[in-house]
Amino acid sequence: MKMPLAFETDDGIGTRATLGLIVLKTDETIEHEFRCFVPTDGVVLYHSRVQMAADVTAESLARMREDIPRATSMLPETAPFDVIGYGCTSGATVIGPQGVAACIHEHYPRAAVSEPLSAARAAFEALGLRRIALLSPYVEPVSRALREAFQASGTEIGAFASFDEGRESVVARMTPRSLLAAIEQTVAGQEVDGVFMSCTNLRMAPVLAEAERRIGVPVLASNQVLAWHMMRLAGVQDAVPAGGRLFGVSGLEQAA
């Protein structure tokens with residue numbers, strides 16, 4: 001009988017940080033865009049999917065609360081997660097950041113938790129943004145809840161516009177060029193400190209830098225702020241070319 005082959009072990013591939021990401025079943029964009037924002041050198045990112053209806057409504061978003069714990073449980077249980085993110089801005093708005101954190105902590109109580117709503121608030125604070133232009137793809141009840149959530153935390157909405165589209169499959173296919181045009185149209189003639197384009201299914205990574213160049217203020221988007229916030233919570237300070245002005249902010253001292 002042959003002896004078993006010898007082997008050795010190390011600390012795994014997340015030598016700098018181990019991140020987890022809960023992705024909506026209907027999201028076709030966030031995983032691709034996170035590759036633009038998260039470095040691969042020593043940072044590992046694991047994904048799980050959570051059930052979500054094809055149409056975005058306050059009711060369908062609220063139902064996700066029941067499924068987030070199960071989706072979290074499908075992440076590799078032996079991975080020492082530093083941060084676990086929930087990839088839905090509108091879902092975090094309806095469920096609430098504390099509700100999202102409670103769902104994730106059922107299985108990973110020691111991991112820091114982020115979602116795009118809290119990440120956006122942290123980004124506004126880090127960049128000193130007080131009055132923003134807010135754009136969304138959502139139907140009005142969902143957009144209204146998002147506006148109210150930002151206003152409740154002290155952010156002034158200086159301009160607002162929405163595509164008023166509830167179908168995720170359509171949102172994922174809006175072209176980056178049309179998103180750029182929407183930003184320019186919304187901020188024209190408005191006095192704002194920055195822009196936030198909400199929704200992880202929108203393809204904003206290709207146009208962030210160009211949007212900032214054209215309008216002269218920071219431009220933020222859901223995937224970008226979530227990746228930035230998760231990395232900073234994990235102690236990863238890397239700047240990335242696609243990250244815009246936000247990734248020039250090294251830490252969370254102002255945003256904690």
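Residues numbered from 1 in each chain as written. Predicted model: local features only at pLDDT ≥ 70, side-chain atom pairs only at ≥ 80, totals over all residues. Heavy atoms only, no water.

Looking at this structure, how should I read the pattern of salt bridges?
Close approach of charged atoms allows side chains with opposite charge to pair. Evaluated as defined, the whole model comprises 11 salt bridges. The salt bridge involving R167 is made with E165; its shortest N-O contact spans 2.7 Å. The exposure class assigned to R167 is partly exposed, which follows from its relative accessible area of 46%. When its relative accessible area of 14% is taken as the criterion, E165 is described as buried. Shared partners join several salt bridges into a network, and the residues in it are E184, E210, R213 and R214. (Salt bridge = Lys/Arg side-chain N within 4 Å of Asp/Glu carboxyl O. Buried < 20%, exposed > 50% of the residue type's maximum accessible area, 1.4 Å probe, protein only.)

Would you take a moment to explain the sheet that holds strand β1 (residues 17-24) for this structure?
The strands making up a sheet associate through backbone hydrogen bonding, with each pair oriented either parallel or antiparallel. In space, the four strands of this open sheet follow the order β2-β1-β3-β4, with parallel pairing throughout. The open sheet terminates on both sides in strands that have one partner only, identified here as β2 (43-50) and β4 (112-114). Averaged over all pairs of adjacent strands, the angle between their axes in this sheet comes to 20°, without regard to strand direction. Sheet topology places strand β3 (residues 83-87) next to β4; three bridges connect them, and they run parallel. Looking at β4, one finds that G85 is bridged to S114. In the packing of helix α2 (residues 58-73) onto the sheet, the strands contacted are β1, β2 and β3, and the crossing angle to β2 comes to about 135°. (Pairing = 2+ DSSP bridges. Helix = DSSP H or I, 4+ residues; strand = E, 2+ residues; numbered from the N terminus. Axes fitted to C-alpha atoms, helices over the stretch in contact; angles between N-to-C directions. Contact = heavy atoms within 4.5 Å.)

Please explain the sheet that holds strand β8 (residues 219-221) as it appears in this structure.
Taken in spatial order, the four strands of this open sheet run β6-β5-β7-β8, and their pairing is parallel. Here the strands that pair on one side only, and so sit at the sheet edges, are β6 (156-162) and β8. In this sheet, adjacent strand axes meet at a mean angle of 20° when their direction is disregarded. Across four bridges, the pairing between strand β5 (residues 131-136) and strand β7 (residues 194-197) is parallel. If you follow I132 over to β7, its bridge partner there is G194. Most of the contacts of helix α6 (residues 140-152) go to β6, to which it runs at about 165°, and overall it touches β5, β6 and β7. Sheet contacts for helix α10 (residues 222-233): β7 and β8; angle to β8, the most-contacted strand, approximately 85°.

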